[in-house]
Amino acid sequence: MNKVVVYHGTSFDFDSIDLQMSKNKRDFGKGFYTTTIESQAESWARNTALRNHHDCGYVYVYEFTFDDSLIIKEFEGLNIEWLDFVKINRTLGGVQHSYDVVIGPVADDNTMLTVNRYMSGVYDAEEALKRLAYFRVNDQVCLSTEKALQYIKLVRRYKVDL
């Protein structure tokens, strides 16, 4: 079994992961979002703290085990499959797939204008992908099911100052 360190950035202090607390209409649907990039999680923590008027953020460091029993979808970059997957999850909300874990690029502040223009029909897929090709994107690892949560273990948590 393959193990990887993932990071979750937030302004909320919690002891256990509750999928019911996850936000709706996200790239890969409702779920617990992590990244393999620590600085990205720190940025998420700061941004969340500012949005929620909190004094600080937190980064939770986890070890995630890729168990063979998990159904995992991994996107290889910004492609039409990723673009349509993001569109359906951001449009319909909830969880619009049957994967335990989804891994792929983040539709972040840099790319959202293009993604939104694709979602609204201003750009077709070809134009959107042409524009997205210029961006360097970070990754996200979304745990979408209770089954996936069985394979994540908290290593530590640390405070991030604004």
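Residues numbered from 1 in each chain as written. Predicted model: local features only at pLDDT ≥ 70, side-chain atom pairs only at ≥ 80, totals over all residues. Heavy atoms only, no water.

Undergrad: Help me understand the sheet that holds strand β7 (residues 152-161), please; the structure alone is not making it clear to me.
TA: The strands making up a sheet associate through backbone hydrogen bonding, with each pair oriented either parallel or antiparallel. Strand order in the open sheet formed by three strands is β1-β3-β7, with antiparallel pairing between adjacent strands. Single-partner strands in this sheet number two, and they are β1 (2-10) and β7. Taking the axes of each pair of neighbouring strands and ignoring which way they run, one obtains an average angle of 20° across the sheet. Sheet topology note: the β1/strand β3 (residues 56-66) ladder contains nine bridges and is antiparallel. Its bridge partner being in β3, Y7 is matched across the sheet by V61. Packing against the sheet, helix α1 (residues 38-51) makes contact with β1, β3 and β7, and its axis sits at approximately 25° to β1. (Pairing = 2+ DSSP bridges. Helix = DSSP H or I, 4+ residues; strand = E, 2+ residues; numbered from the N terminus. Axes fitted to C-alpha atoms, helices over the stretch in contact; angles between N-to-C directions. Contact = heavy atoms within 4.5 Å.)

Undergrad: So what exactly am I meant to see when it comes to the packing of helix α2 (residues 80-92) against helix α3 (residues 112-119) here?
TA: The axes of two packed helices give the description: the angle between them and the distance between them. Interhelical geometry of α2 versus α3 gives an angle of 75° and a closest axis separation of 10 Å. The pairing of α2 with α3 is recorded here as roughly perpendicular in orientation. Contact with α2, carried on its side by I80, W82, L83, D84, V86, K87, R90 and T91, involves M112, V115, Y118 and M119 of α3 and no other residues of that element. Tallied by class, the residues present in the contact of α2 with α3 amount to eight nonpolar, one polar and three charged. (Parallel < 35°, antiparallel > 145°, perpendicular 65-115°, else oblique. Nonpolar A, V, L, I, M, F, W, Y, C, P; charged D, E, K, R; others polar.)

Undergrad: Got a minute to help me understand the environment of L143 in this structure?
TA: Tracing the backbone shows L143 in strand β6 (residues 139-143). Sequence-wise, L143 and Q40 are 103 residues apart; in three dimensions their C-alpha atoms are separated by 17 Å. Once you skip the residues sitting within four places of it in the chain, L143 turns out to touch L19, G31, F32, T34, F64, D100, A148, L149 and I152.

Undergrad: It is not clear to me how the layout of surface pockets should be interpreted in this structure. Could you clarify?
TA: Where empty space is left in the structure can be found by rolling a water-sized probe over the atoms. What the largest pocket holds in volume is close to 1100 Å³. Forming the boundary of the largest pocket are 32 residues, of which G9, K23, R26, T48 and R51 lie nearest the centre. Of all the elements in the fold, those that place two or more residues in the lining of the largest pocket are β1, β2 (32-34) and α1. Of all the elements, α1 adds the most residues to the lining of the largest pocket, at six residues. By residue class, the composition of the lining of the largest pocket is eleven nonpolar, 13 polar and eight charged. (1 Å grid on protein atoms, 1.4 Å probe; cavity = no way out; pocket = protein on both sides within 12 Å on 5 of 7 lines; lining within 4 Å. Points joined across faces, edges and corners; volume = space filled by probe spheres on them.)

Undergrad: Teacher, can you tell me more about the sheet that holds β2 here?
TA: Spatial strand order, β2-β6-β5-β4: four strands in an open sheet with mixed pairing. The open sheet has two free edges, formed respectively by β2 and β4 (72-74), since each of these has just one partner strand. Looking at each pair of strands side by side, their axes are set apart by 15° on average, direction ignored. Pairing geometry for strand β5 (residues 101-105) and β6, over five bridges, is antiparallel. Paired with P105 across the two strands is D139, which belongs to β6.

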